[in-house]
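One-letter residues, chain by chain:
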Amino acid sequence: MESKITGFPKDFLWGGAIAANQAEGAWDVDGKGPSMADIEILPEQYSRTSVVGFKHTKEEIENALKDDKGFYPRRSAIDFYHTYKEDLKLMAEMGFKCFRTSFNWGRIFPTGEESEPNEAGLKFYDDMIDTMIELGIEPIMTVSHYEMPIHLVTKYNGFLSKKVEDAFVKLCETLFKRYSGKVKYWILINQINSLGGWGEFSSLGLLEGYTKSDVYQATHHQFVACARATKIAHEINKEMKIGMMLGDDTRYPATCKAEDVFKTTQTNQMSQYFYSDVLLRGEYPGYAIRYFNDNGITIEISEEEKKLLKENTADYLSFSYYFTRTCSNDEDAPIDNPYLEKSIWGWAIDPLGFRNSLNQYWDRYQVPMFIAENGLGALDEVVDGKIHDDYRIAYLEGNVKAMKEAIKDGVQVFGYASWGPIDIISCSQGEMSKRYGYIYVDIDDRGKGTAKRFKKDSFYWYKKVIETNGDNL
């Protein structure tokens, strides 16, 4: 019998994750073109638990680009574009082994259609990646994290057009060639299953008025783009590892009624496994084909594309994990789990759900896994220059323990990037006050403040976790 696994691998990649559009700011600096994130306004009045924006017409986008009065928080964010060296040093002080961030597409191809990339944009990422490497931090780079040039949205309706698929592949090839030998781990598209009124715009670039067929045709173009990019990456450098990423949304049955259990199976299939089945197994699963037929959804798929998908699957699975929900055959039933505590944003705190998801994915795919995001959004109070965030420590400790148990179950996890190591703009709410970081940034919801960085109590907790490779929890 093989010896039992007792903890994290010796070379485990501990770190954190952010997205360029939520951190960099400098939205019109050094030749950068506007992206879809740059037109998301924070209204004067908004509900803390409601998602801001993410549905747009062409006219609304054009008006946003002309607007000089509204506040667009991602345009300034925390100015990571100018502070990355100092911020990365703080992460290195915690002992980070990896750092996941993204390229802002518009920095490299301002409209997405240029024949040559913007050298100033590439130079920024040269310097940032080199700084990581100098600090002993492994760069884990996401190519697309809700940062499509807005020109590709308004001209082509995003990934509904094959021209945007081509533009994305060109971006990937440019990056692979530039950073071959420096970046080993890649994630092509952040949370590729992010739909439900959010990802249709933010990931796919679809303008309002789309149909279900449009959504899945655009998703298919993303699948093919990923396969094409994976093929190119492996031709450039066989050592590069190309990952696909899900936003985990594993549901529990609301009851043990057979109807609720099977409805949960179907929901989990189409909300997440469909995407990983295509990109890790290389073909459309039968349940998805039936779903399309039953719902009148038509997709154009060529034999050449089927071959590409089959021959160019991802090297590893990455996913974000924040909360779980329930599922019922009764569409009017609540999705909240009454047995779980919730954050002030209504997200269920469920570390055992994390272990469950890790085991489910491992049983299904048997491929290495990387945790691309995991964290707690909370309101932090500064008292005498200190932030006592025991609630964040408790959340993260529970999830790290659950991940450790999953590894002991035999699940192969090679890294963990908590979201986010430094406070950034919230993706779903557009607030600064929904904070995740170990490092506090003195900026409020309207972009005002000193922008000074402060270490929270969780900074020292995570430093100890990394020092002991997860033994001290």
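On a predicted model such as this, the values are computed, not experimentally measured, just so you know. Throughout this description, residue numbers start from 1 for each chain and increase along the sequence as written. Only residues with pLDDT of at least 70 get local features here, since the model is predicted, and only at 80 or more are side-chain atom pairs given and counted; chain-wide, interface and lining totals rely on the full set of residues. Computation of side-chain values covers all heavy atoms of the structure but excludes hydrogens and water.

S.K.: Help me understand the overall build of the protein chain, please; the structure alone is not making it clear to me.
M.R.: Only DSSP runs of H or I with at least four residues qualify as helices, and only runs of E with at least two residues qualify as strands; both kinds are numbered from the N terminus onward. Looking only at helices and strands, the protein chain has 15 helices and 12 strands in total. A principal-axis box enclosing the C-alpha atoms of the protein chain has dimensions of 60 × 55 × 50 Å. Under the scheme applied here, a residue whose accessible area is under 20% of the maximum for its type counts as buried, over 50% as exposed, and between as partly exposed, the area being computed with a 1.4 Å probe on protein chains only. Classification of the 473 residues of the protein chain by burial places 58% in the buried group. When checking whether two residues touch, look at their non-hydrogen atoms; a contact exists if any pair is within 4.5 Å. Within the protein chain, counting contacts between residues at least 6 apart in sequence, those at least 24 apart form 78% of the total. A 1.4 Å probe and the Shrake-Rupley method give the accessible areas. Residues count as covered only by the protein chains that appear here. Surface exposure of the protein chain reaches about 19400 Å², of which carbon and sulfur atoms provide 49%. The average position of the 56 basic charges and that of the 72 acidic charges among the side chains of the protein chain differ by 3 Å. Charged residues are defined narrowly, with Lys and Arg counted positive, Asp and Glu counted negative, and His plus the chain ends left uncounted. We put the charge of a Lys on NZ, of an Arg on CZ, of an Asp on CG and of a Glu on CD.

S.K.: Explain the side chain of Asn190 here, please?
M.R.: Structurally, Asn190 is set in the loop between strand 4 (185-189) and helix 8 (199-202). Asn190 gets classed as buried once you look at its relative accessible area, which sits at 1%. With residues near it in sequence (within four places) discarded, Asn190 still touches Arg100, Thr142, Ser144, His145, Tyr146, Met245 and Glu373.

S.K.: I'm lost on unusual backbone geometry in this one. Help?
M.R.: The phi torsion of most residues other than glycine is negative, and most of the peptide bonds are trans. Phi at Asp79 is positive, roughly 60°, even though this residue is not glycine. Relative to the helices and strands, Asp79 resides in the loop between helix 2 (58-66) and helix 3 (80-94). Here Asp79 falls in the partly exposed class, since its relative accessible area comes to 29%.

S.K.: Just checking my understanding: could you explain the pairing of strand 7 (residues 316-320) for this structure?
M.R.: When a strand is regular, its side chains alternate between the sheet's two faces. Burial analysis of strand 7 places 5 of its 5 residues in the buried class, which makes it a mostly covered element. Of the two faces of strand 7, the one holding Tyr316, Ser318 and Ser320 and the one holding Leu317 and Phe319 are both buried throughout. Strands are treated as partners if at least two bridges between them are detected by DSSP. Bridge count for strand 5 (residues 241-247) against strand 7 is 5 bridges, and the pairing is parallel. The residue bridging Gly247 from the neighbouring strand is Ser320, located in strand 7.

S.K.: Explanation requested: the packing of helix 5 (residues 119-134) against helix 7 (residues 162-179) in the structure shown.
M.R.: Helix-helix packing is characterised by the crossing angle of the two axes and by the distance between the axes. The interhelical angle for the contact between helix 5 and helix 7, taken along N-to-C directions, is 45°, at an axis separation of 12 Å. Put simply, helix 5 runs oblique to helix 7. Of the two elements, helix 5 crosses helix 7, and the hand of that crossing is right-handed. On helix 7, the residues touching Glu119, Leu122, Lys123, Tyr125, Asp126 and Ile129 of helix 5 are Thr174, Leu175, Arg178 and Tyr179. Every axis in this analysis is a line fitted to C-alpha atoms, fitted for helices over the stretch in contact. Angles between the N-to-C directions lie between 0 and 180 degrees. In this scheme, roughly parallel covers angles under 35 degrees and roughly antiparallel covers those over 145, while 65 to 115 is roughly perpendicular and the rest are oblique. Crossings are sorted by hand: turned counterclockwise from the far helix by less than a right angle, the near helix makes the crossing left-handed, and turned clockwise it makes it right-handed.

S.K.: I'm lost on the sheet that holds strand 1 (residues 13-17) in this one. Help?
M.R.: Pairing between the strands of a sheet is mediated by backbone hydrogen bonds and can be parallel or antiparallel. One closed barrel accounts for 8 strands, arranged 1-2-3-4-5-7-9-10; its pairing is parallel. Averaged over all pairs of adjacent strands, the angle between strand axes in this sheet comes to 25°, irrespective of strand direction. Where strand 1 and strand 2 (residues 98-102) come together, 3 bridges link them in parallel fashion. If you follow Ala17 over to strand 2, its bridge partner there is Arg100. Sheet strands in contact with helix 5 are strand 2 and strand 3 (138-144), and its direction is about 150° off that of strand 3.

S.K.: Honestly, the nonpolar core in this entry has me stumped. Any pointers?
M.R.: Across soluble globular proteins, you tend to see nonpolar side chains buried next to one another. Only buried residues count toward a nonpolar core. Its members are Ala, Val, Leu, Ile, Met, Phe, Trp, Tyr and Cys residues joined through side-chain atoms within 4.5 Å. By size, the foremost hydrophobic cluster in this structure holds 147 residues, and its most contacted members are Trp186, Phe274 and Met403. With 11 residues, the top contributor of residues to this core is helix 9 (residues 212-236). Here Trp186 is in contact with Phe103, Met141, Val143, Leu175, Phe176, Tyr179, Met240, Lys241, Ile242, Gly243 and Tyr316, once residues within four sequence places are set aside.

S.K.: What exactly am I supposed to notice about the pattern of salt bridges here?
M.R.: Two side chains carrying opposite charge are able to pair once their charged atoms lie near each other. Basic side-chain nitrogens of Lys or Arg form a salt bridge, by our definition, when they fall within 4 Å of a carboxyl oxygen of Asp or Glu. In total, this model carries 35 salt bridges according to the counting rule given. The residue Arg228 makes a salt bridge to Asp166 at a minimum N-O spacing of 2.8 Å. Of this pair, Arg228 sits in helix 9 while Asp166 sits in helix 7, and the two are 62 residues apart along the sequence. A network of salt bridges, in which partner residues are shared, links Asp380, Asp389, Arg392, Asp423, Arg435 and Lys456.

S.K.: So what exactly am I meant to see when it comes to the environment of His151 here?
M.R.: Relative to the helices and strands, His151 is located in helix 6 (residues 150-156). Along the primary structure His151 and Arg355 are separated by 204 residues, whereas in three dimensions their C-alpha atoms are 41 Å apart. Not counting the four nearest positions on each side in its chain, His151 is found in contact with Thr111, Glu113 and Tyr156.

S.K.: Just to check I follow, could you spell out the environment of Ala19 for this structure?
M.R.: Turning to its location among the elements, Ala19 is positioned in the loop between strand 1 and helix 1 (20-23). Through-space distance from the C-alpha of Ala19 to that of Asp87 is 14 Å; in sequence the pair is 68 residues apart. Those residues in contact with Ala19, other than ones at most four positions away along the chain, are Thr101, Ser102, His145, Glu147, Trp419 and Ile424.

S.K.: Even after reading the chapter, I still don't get the pairing of strand 10 (residues 413-419), so can you show me in this structure?
M.R.: Where burial is concerned, most of strand 10 is hidden: 7 out of the 7 residues are buried. Of the strand pairs in this sheet, strand 1 and strand 10 are connected by 5 bridges, and their pairing is parallel. Bridging across to strand 10, Ala17 finds its partner in Trp419. Here strand 9 (residues 369-373) runs beside strand 10; their pairing, made up of 3 bridges, is parallel. The partner of Phe370 across the bridge, within strand 10, is Gly415. Remark: the strand 9/helix 14 (residues 390-408)/strand 10 crossover connection has right-handed handedness. Here, the term right-handed applies to a crossover whose path from the first strand over the helix to the second runs clockwise when the strands point away from the viewer.

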